[in-house]
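Chain and residue survey
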Amino acid sequence: MSLFRRHRKLSSLLLGMVVTAGVLWLSWGKVRAASESYYSQLQLFSEVMALVKNRYVDDVDPRKLIEGAISGMMEQLDPHSSYMPKQRSNRFTEEFRGNYSGIGIEFEIRDKYITVLSPIEGSPSHRLGVRPGDRILKIDGVSAYGLTTDEVFGKLRGPDGSKVRVTLGREGEEEPIELDIIRERIPIYSVPYHFMIAPGTGYIRMIRFSSTTSEELEKAMHDLEARGMKRMVLDLRGNGGGLLNQASDVIDKFVPAGERTVYTRGRTREFNSDYFSGDGPKHLDTPMVVLVDHGSASASEVVSGALQDLDRALVVGLPTFGKGLVQNPIPLPDSSTLLLVVARYYTPSGRLIQRDYSDRQAYMHAAQEDSAPPADSVLAKRPKFKTVSGRTVYGGGGITPDVFEPYPPRFSKLMAAMVGQRMFFEYATRWMGHHAGEINKNDAEVFVRDWKPSPTMLADYQAFVKGKKVEFSEKDWTADGAGIENYLKAELAGVLWDRNTLMRVLVQQDTQVQHALNYFPTASNLMTKFTAHFNVKAAK
């Protein structure tokens, strides 16, 4: 039953009650006054709509007016309640359902061409040999040049088992490549990367909380433990959140059964919930570092806050976004969706981490704030709570990390241009079109560990960049030398293998990740407190 229907049912019940006492009569009077106030405002809205319809200088689409009015209504509530028209609602549902039906590529529009960034592992495109850098020239025989992203989705996605003909242009191939691709269900991964980042140390990157997140995490944990993982980095940077039950399921894996992991409180009881860990698969003996930043929000803060409260993990990075509100997606009759805030959530210690949003602009630009650890004077004003071992943690402004670790240095102007315009990717796909046999594709481990671009390749790449009309000096090029080599190597890894291997290369120069590896002695000490409090098996 939708929230809308529940409210209608409640209103009918109130209207049918027999009032026999003065107190009840007074309550009924307030309800009636509120109803009359709503009615008068709706009447005013209808009058304005009629005036616009009959007197405005141009014809107007009533749907657009209504959608704009609903969106304006949501803006009066909080920064996270919103109205999603049908198309956006469908995309939202796909993202959190964890799959869609299509051909299975990651792409972007470059110079008005659909350019493949990567075929998704195991997808129809992957099996048919679609490569990074391929350009989609035609879809079902019609030119794809100049299509928007939404138009591409509309043409490439479709029912399971349906066919689409794709014409590709590929570097090193004179003739276009024609492929008939049968659409399938394609996963939208929450855990796109996991690998051993150092001997005994696993790295897991989680980018959202969808219906498959807990399952994906379990598979990643199982794989890394089979490779000898004794400690792990869980990277939640930039993870804007998602499904609350999945956040609870993620916490569940790292704490004993029966512990409250998060709870919600709303204006009505139906939105009050308490989440407790269950008896599912457990990973209780792995010291953890959780990486967060200003883009870690909502479900990411549920996870990092709970693991911090329970002394289960060391939280490293930057203060998180500070979103402590629970949204309920409510389907509407025209397939649009109302995303309405119905409750607040609290970490196990009782923290509400919602930041003040009275200044909407400042609130939504949190990623540009807090470039240094919060001052003592700021923390003194925030509510204080205790972890299970007695450490002080704070509410009211996101999750304050246990160890502050600043962002990596900003890109230079030259690196920003090369990365932003995908020059490394473009060069790597071109280079591989002519030098495919020069790298042993059977040994990714050796490549990640030992391979470096030759002076000849670097000189050729420099000429390629100059051909893009990018201005720089030899001094600029030398200063960015390590970054240039790392990005070239990473993009080649992505073309040769997959984006997981690409990420393995990139994290070698990610200072937040590399510094996090130094904090495992502290994380292990914290683990000792956790095991003592919960009487679980000692960490290995």
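See the structure shown above.
Read on for an overview of the structure. (Residues numbered from 1 in each chain as written. Predicted model: local features only at pLDDT ≥ 70, side-chain atom pairs only at ≥ 80, totals over all residues. Heavy atoms only, no water.)

Bringing the pattern of salt bridges into the picture now. Scanning the model with the defined rule gives 26 salt bridges in all. Linking D334 and R63 is a salt bridge whose minimum nitrogen-to-oxygen distance equals 3.3 Å. Taken as a pair, D334 in the loop between β17 (325-331) and β18 (337-346) and R63 in helix α3 (residues 62-75) lie far apart in primary sequence, 271 residues in all. On the basis of relative accessibility, which here comes to 31%, the residue D334 falls in the partly exposed class. According to the relative accessible area criterion, R63 is partly exposed, its value standing at 47%. A salt bridge links D402 to R391; the shortest N-O distance between them is 2.9 Å. Taken together, the positions of D402 in the loop between β20 (392-394) and β21 (403-404) and R391 in the loop between β19 (384-386) and β20 put the pair 11 residues apart, joining distant regions of the chain. In this structure D402 comes out as partly exposed when scored by relative accessible area, which is 28%. (Salt bridge = Lys/Arg side-chain N within 4 Å of Asp/Glu carboxyl O. Helix = DSSP H or I, 4+ residues; strand = E, 2+ residues; numbered from the N terminus. Buried < 20%, exposed > 50% of the residue type's maximum accessible area, 1.4 Å probe, protein only.)

This brings us to helix α8 (residues 244-252). α8 sits mainly inside the fold: seven of its nine residues count as buried. Those residues of α8 that sit buried are L244, Q246, A247, S248, V250, I251 and D252. Buried residues along α8 sit in contact with α7 (213-226), β13 (260-266), β14 (273-276), α9 (299-309) and β17. (Contact = heavy atoms within 4.5 Å.)

This paragraph deals with the packing of aromatic side chains. Under the criterion given, the structure shown has 15 aromatic pairs. The positively charged end of R312 is found above the aromatic ring belonging to F530, 5.3 Å away from the centroid. Lying over the aromatic face of F447, K489 brings its terminal NZ or CZ to 5.9 Å of the ring centre. (Phe/Tyr/Trp six-rings, centres within 6.5 Å; stacked < 30°, edge-to-face > 60°. Lys NZ or Arg CZ within 6 Å of the ring centre and 35° of its normal.)

Another aspect to go through is unusual backbone geometry. A positive phi angle is found at D140, which is not glycine, with a value near 55°. Within the secondary structure layout, D140 lies in the loop between β5 (135-139) and β6 (142-143). Residue class for D140 comes out partly exposed when judged on its relative accessible area of 46%. Within the chain, S298 stands out as a residue other than glycine whose phi angle is a positive 55°. Its location among the elements puts S298 in the loop between β15 (288-292) and α9.

In this section: the sheet that holds strand β16 (residues 314-317). Spatially, six strands are ordered β10-β11-β12-β15-β16-β21 in an open sheet, and the strand pairing comes out mixed. Two strands in the sheet have a free side with no partner beyond their single neighbour: β10 (193-198) and β21. Here α7 sits on the sheet and contacts β10, β11 (201-205) and β12 (231-235); the angle it forms with β11, its principal contact strand, is near 160°. Across the face of the sheet, helix α20 (residues 520-534) comes into contact with β11, β12, β15 and β16 while running at roughly 115° to β15. (Pairing = 2+ DSSP bridges. Axes fitted to C-alpha atoms, helices over the stretch in contact; angles between N-to-C directions.)

This next bit is on a nonpolar patch on the surface. Where nonpolar side chains cluster on the molecular surface, the patch consists of Y56, V57 and V60 and spans about 310 Å² of accessible area. In this structure, V60 sits in the loop between α2 (22-55) and α3. Among the residues examined, V60 registers a relative accessible area of 34% and is labelled partly exposed. (Patch = residues over 30% accessible without salt bridge, like charges linked within 9 Å, V, L, I, M, F, W, Y side chains within 5 Å. Areas by Shrake-Rupley, 256 points an atom, 1.4 Å probe, with all protein chains shown as cover.)

Time to look at the nonpolar core. Counting residues in each nonpolar core, the largest one holds 50 residues, and the members touching the most others are M418, F424, Y461, V465, W477, I484 and L492. For this core, the element with the most residues is helix α17 (residues 481-496), which contributes eight residues. Not counting residues within four places of it along the chain, the set of residues in contact with I484 comprises M415, M418, F424, L458, Y461 and W477. Among the nonpolar cores identified, the runner-up in size contains 48 residues, and V255, V290, A299 and L338 belong to it. (Core = buried A, V, L, I, M, F, W, Y, C linked by side-chain atoms within 4.5 Å.)

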